[in-house]
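Working through the structure, step by step
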Amino acid sequence: MDIRLSRPCVDDPTRYIAECHLGKRLVMEKLCDILRQIGAKDLKCSLNLGVARFELEEKSVMLYQSGRVDIRKIHNTEEARIFLEKIFSMVREALSDISS
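Quick look at the structure, then.

Cut-offs used in this document
Residues numbered from 1 in each chain as written. Predicted model: local features only at pLDDT ≥ 70, side-chain atom pairs only at ≥ 80, totals over all residues. Heavy atoms only, no water. Helix = DSSP H or I, 4+ residues; strand = E, 2+ residues; numbered from the N terminus. Contact = heavy atoms within 4.5 Å. Salt bridge = Lys/Arg side-chain N within 4 Å of Asp/Glu carboxyl O. Buried < 20%, exposed > 50% of the residue type's maximum accessible area, 1.4 Å probe, protein only. Pairing = 2+ DSSP bridges. Axes fitted to C-alpha atoms, helices over the stretch in contact; angles between N-to-C directions. Expected span 1.5 Å × (residues − 1). Polar contact = N/O pair within 3.5 Å; in protein donor to acceptor, adjacent residues only side chain to side chain.

Along the chain, the position of S60 falls in strand β6 (residues 59-64). Look past the residues within four positions of S60 in its chain and what remains in contact with it is R53, F54, E55, D70, I71 and R72.

Right, here's the structure in full:
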């Protein structure tokens, strides 16, 4: 998975926003249900906008219907890779059979 540190976070310039992609689209109804079931902290899920936002281990995560993932407050690409693997294992049942 390709991970890119895009820009420093506004509230902490020593940390970055990591942008990556799951390789497949997300089925938003399934995604929101999964995140509710696992009790994702501070969950905001919009089917209309095709985006879900929640907190995971003090990181802000945004998942888009397109399969794009933004993780805020990341130190480096290795930390982003670890978080992306956690996120992937949490939401893999919401991945569409159609690649993006």
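In the structure shown here, the tally under the stated rule is seven salt bridges. For the salt bridge of K59 with E79, the shortest nitrogen-to-oxygen distance reads 3.3 Å. Within this pair, whereas K59 is found in strand β6, its partner E79 is found in helix α2 (residues 77-91), the two being separated by 20 residues in sequence. Neither K59 nor E79 differs from the other in exposure class; each is buried. Connected through salt bridges with shared partners, the residues R4, E19, R68 and D70 form a single ionic network.

Once that is clear, we can look at unusual backbone geometry. Even without glycine at this site, E58 takes up a positive phi of about 65 degrees. Locating E58 in the fold gives a position in the loop between β5 (51-56) and β6. Residues other than glycine seldom take positive phi values, yet K73 does so here, at roughly 75 degrees. Along the chain, the position of K73 falls in strand β7 (residues 68-74).

Glancing now at the sheet that holds strand β4 (residues 41-46). Read from one edge to the other, the open sheet built from six strands follows the order β1-β2-β7-β6-β5-β4, with strand pairing classed as antiparallel. Strand pairing shows two members of the sheet lacking a second neighbour, β1 (4-8) and β4, which therefore form its edges. Put simply, the sheet's adjacent strands are angled 20 degrees from each other on average, direction ignored. As judged from the six bridges shared by strand β2 (residues 16-21) and β7, these two strands associate in the antiparallel manner. Bridge pairing in β7 links C20 to V69. Of the strands in this sheet, β4, β5 and β6 touch helix α1 (residues 28-37), which is tilted by about 165 degrees from β4.

This paragraph deals with the pairing of β5. In this structure, β4 lies alongside β5, joined through four bridges in antiparallel fashion. Its bridge partner being in β5, K41 is matched across the sheet by E55. Sheet topology note: the β5/β6 ladder contains six bridges and is antiparallel. Note on β6: the bridge partner recorded for V51 is Y64.

With 15 residues, α2 should cover 21 Å at 1.5 Å per step; its first-to-last C-alpha distance of 21 Å lies within 8% of that length. You can read the cap of α2 off the contacts: a side-chain oxygen lies 3.2 Å from the backbone nitrogen of E78, and it is on N76.

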